[in-house]
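Structural description and commentary
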Amino acid sequence: MTDFDPIELKRIRWRSRRGLLELDLVLERFLANGFDQLTTAELFAYQKCLDLGDNDFLDYVNGKAEVDDPELAHIIGILRAA
């Protein structure tokens, strides 16, 4: 899968708990169905998403805001498909 250490993967999963129910639902589905298949580059992009504010992150996932960063756009596409 990746070069990430198992403890860091657990931290990423923990950081995926958000303050908005709508975002939590999307991320829970993603963690259950797609997270373990991510490449190292995708994991780094996912971590960048986790640095976003909840409302901005949700707007990207829902398509209400345009994602300018190609790395983020790719991982947002994965989240939408999960």
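Scoring rules and cut-offs
Residues numbered from 1 in each chain as written. Predicted model: local features only at pLDDT ≥ 70, side-chain atom pairs only at ≥ 80, totals over all residues. Heavy atoms only, no water. UniProt positions renumbered as here; feature names shortened; annotations may be inferred. Salt bridge = Lys/Arg side-chain N within 4 Å of Asp/Glu carboxyl O. Helix = DSSP H or I, 4+ residues; strand = E, 2+ residues; numbered from the N terminus. Buried < 20%, exposed > 50% of the residue type's maximum accessible area, 1.4 Å probe, protein only. Core = buried A, V, L, I, M, F, W, Y, C linked by side-chain atoms within 4.5 Å. Contact = heavy atoms within 4.5 Å. Phe/Tyr/Trp six-rings, centres within 6.5 Å; stacked < 30°, edge-to-face > 60°. Axes fitted to C-alpha atoms, helices over the stretch in contact; angles between N-to-C directions. Parallel < 35°, antiparallel > 145°, perpendicular 65-115°, else oblique. Nonpolar A, V, L, I, M, F, W, Y, C, P; charged D, E, K, R; others polar.

Labelled according to an unreviewed UniProt entry, the protein appears under the name FAD assembly factor SdhE, originating from Vogesella margarita. In UniProt, the protein has this text filed under Sequence similarities (unreviewed entry): "Belongs to the SdhE FAD assembly factor family." Quoted verbatim from the Subcellular location (unreviewed entry) field of the UniProt record, the comment on the protein reads "Cytoplasm".

The next subject is the pattern of salt bridges. When charged atoms on two side chains of opposite charge get close, those side chains can pair. All chains considered together, the criterion is met by six salt bridges. A salt bridge links D36 to R13; the shortest N-O distance between them is 3.1 Å. Separated by 23 residues along the polypeptide, D36 in the loop between α2 (21-33) and α3 (40-50) and R13 in helix α1 (residues 6-15) bring together distant segments of the chain. The exposure class of D36 is partly exposed, given its relative accessible area of 43%. One network of salt bridges, with partners in common, ties together K48, D69 and E71.

Moving on to the nonpolar core. Core analysis: the largest hydrophobic core is formed by 24 residues, its most contacted members being I12, F35, Y46, F57, I76 and L79. Mapped by element, the contributors of at least two residues to this core are α1, α2, α3, α4 (54-62) and α5 (70-81). When near neighbours in sequence (up to four residues on either side) are disregarded, F57 contacts R18, L23, L27, Y46, C49, L50, L52, I76 and L79.

This part is about the packing of aromatic side chains. In the structure shown here, the tally under the stated rule is four aromatic pairs. Look at F30 and F35: their rings are 6.1 Å apart centre to centre, the planes differ by 90°, and that puts the pair in the edge-to-face class. Pair check on accessibility: F30 and F35 agree, each one buried. Chaining the aromatic ring pairs together yields one cluster made of F30, F35 and Y46.

Let us look at the packing of α4 against α5. Direction vectors running N to C along α4 and α5 enclose 70°, while the axes themselves pass 9 Å from each other. Taken together, the axes of α4 and α5 are roughly perpendicular relative to one another. Each of F57, Y60 and V61 in α4 lies in contact with α5, whose residues at this interface are I76, L79 and R80. The class makeup of the residues in the contact of α4 with α5 is five nonpolar, no polar and one charged.

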